[in-house]
Amino acid sequence: MVTLAEVAQHAGVSASTVSYVLSGKRSISATTRQRVEQSIRELGYHPNAGARALASNRSNIIALMVPLRTDMYVPVMMEIAIAVTTAARTHGYDVLLLTGEEGPDAVRRVTGSGLADAMILMDVELQDERLPLLRGTDQPSVLIGLPASTTGLTCVDLDFGATGALCVEHLAKLGHHDVAVIGEAPAVYERHTGFAERTLDGLRSRARDLGLRVLHRPCEGGYDAMAVTLARIFDERPGTTGFVVQNESAVEPLLAQLRRQGRAVPEDVSVVAICPDQVAVQASVRLTSVAIPAQEMGRHAVERLVAKLDGRGGDDVVLIAPELTVRASTGPAPAGP
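Residues numbered from 1 in each chain as written. Predicted model: local features only at pLDDT ≥ 70, side-chain atom pairs only at ≥ 80, totals over all residues. Heavy atoms only, no water.

Undergrad: Can you tell me about the overall build of the protein chain, naming the residues and giving the values?
TA: Of the regular secondary structure elements, the protein chain holds 14 helices and 12 strands. By residue count, 49% of the 337 residues in the protein chain fall in the buried class. Sequence separation of at least 24 residues holds for 70% of the intrachain contacts in the protein chain that already meet a minimum separation of 6. Entry remark: accessible area of the protein chain is about 15,700 Å², with carbon and sulfur atoms responsible for 50%. (Helix = DSSP H or I, 4+ residues; strand = E, 2+ residues; numbered from the N terminus. Buried < 20%, exposed > 50% of the residue type's maximum accessible area, 1.4 Å probe, protein only. Contact = heavy atoms within 4.5 Å. Areas by Shrake-Rupley, 256 points an atom, 1.4 Å probe, with all protein chains shown as cover.)

So, in structure tokens, the structure goes:
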């Protein structure tokens, strides 16, 4: 293992100069800095993490709290987590992934142990139990998600309220009057998870403005659950011709059940999905959809967290505007009998 002293000898400077280049605690001339950095690259030197943490009082680690629940679509969560990890590395941070459903205990563990310099929290609920602890600590944090109150918090998210509104606007322009929302699993709404609640609020509000009727039915996903959910929708609202799906696990079962009932997409019914582009384009009918901007969400969260760590950032809310891509699953509402 290459030592700091060997880097100093190779660069022709003192060990303290190498240390100052690494820590940035003192001003070093550009020429000397370049010489030290060249020696570091040539020798393949990596500072000892423990020693660096002791010297700087920083671990250079970001804790990412992402509970992996069975009722959530894990690929989306992991895509955001990968985006966070990639962005963090560009700023010199590693990421500690906490996947348990520990709630406030996970926050206490991070703030009380010095495991990480800062936190990013995902799967945010409207009345999230972790938030009082975040507001009561000096440790920087960012939420990927939006609680009911954002006071004293920094949040990054897709504007899910605008997303719901955009979906129903698209169906209204095509002449649809009865719209069914196939939602996430019931437990997601029972927890009052922010993204699901905000989508529904935005969709319902815009539907009222446009004079559309909306029926919302949570669904576990899977073919059996979808058969029951779809039968219930058509029993209650036989004239339903528009669907908004916010449940990746329900996409293909919905399309299959519609085919089984002899309902053609988009001639008889139109389907709009809120899902990753990969899910939309690989479905048996290419879906009109609003994408989940996982890369952008992860990058914005890290940038705001690093700004806070550097003393440059305050509390703010970043809502990413939704974009709807029209594909093969939506068309004009069928003419009445």
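Back to the write-up after that little detour.
Undergrad: Describe the environment of Leu230, with residues and values.
TA: Note on placement: Leu230 falls in helix H11 (residues 223-236). Taking the C-alpha atoms as reference points, Leu230 and Leu200, 30 residues apart in sequence, are found 18 Å from one another.

Undergrad: Pulling in residues and values, what's your account of the packing of H11 against helix H12 (residues 251-260)?
TA: Two elements in contact, H11 and H12, have axes separated by 9 Å at closest approach and are oriented at 55 degrees. Between H11 and H12, the crossing angle belongs to the class labelled oblique. Judged by the twist between their axes, the crossing of H11 over H12 is right-handed. Contact residues: H11 offers Tyr223, Met226, Ala227, Leu230 and Phe234, while H12 offers Glu252, Pro253, Leu254, Ala256, Gln257 and Leu258. (Axes fitted to C-alpha atoms, helices over the stretch in contact; angles between N-to-C directions. Parallel < 35°, antiparallel > 145°, perpendicular 65-115°, else oblique. Left-handed = near helix turned anticlockwise from the far one by under 90°.)

Undergrad: Describe unusual backbone geometry, naming the residues involved and giving the relevant values.
TA: A cis amide bond links Val265 to the next residue, Pro266, at an omega of 10 degrees. Counting through the fold element by element, Pro266 comes out in the loop between H12 and strand E9 (270-274). Non-glycine residue Asp123 carries a positive phi angle of around 55 degrees. Looking at where Asp123 falls in the secondary structure, it is placed in the loop between strand E3 (118-121) and helix H7 (131-135). On the basis of relative accessible area, Asp123 is assigned to the buried category, the value being 7%. In this model, His192 sits at a positive phi of 55 degrees, which is unusual for a non-glycine residue. Note that His192 resides in the loop between helix H9 (186-190) and helix H10 (194-210). Here His192 falls in the partly exposed class, since its relative accessible area comes to 42%.

Undergrad: Run through the nonpolar core, naming residues and quoting values.
TA: Side chains of a nonpolar character, in soluble globular proteins, are inclined to be buried together. Ranked by size, the top nonpolar core spans 47 residues in total, and within it Ile120, Ile144 and Val244 carry the most contacts. The contacts of Ile120, once residues within four sequence positions are left out, are Ile62, Ala63, Leu64, Met65, Val84, Val142, Ile144, Ala301, Val302 and Leu305. Ranked by size, the runner-up nonpolar core spans 25 residues in total, among them Cys219, Phe234, Val245 and Leu255. (Core = buried A, V, L, I, M, F, W, Y, C linked by side-chain atoms within 4.5 Å.)

Undergrad: Go over helix H5 (residues 74-90), please, and point to the residues and values.
TA: Here H5 is 17 residues long and its end C-alpha atoms lie 25 Å apart, about the 24 Å a rise of 1.5 Å per residue gives. Considered for burial, the residues of H5 that qualify are Val76, Met77, Ile80, Ala81, Ala83, Val84, Ala87 and Ala88. Taken around the axis of H5, the buried residues stretch over an arc of 155 degrees, which confines them to a single face. In this structure, H5 carries Ile82 and Thr90 as exposed residues pointing more than 90 degrees from its buried face. In this structure, the buried side of H5 is in contact with strand E1 (61-65), strand E2 (94-98), E3, strand E4 (141-144) and helix H14 (294-309). (Expected span 1.5 Å × (residues − 1). Arc of directions from axis to C-beta.)

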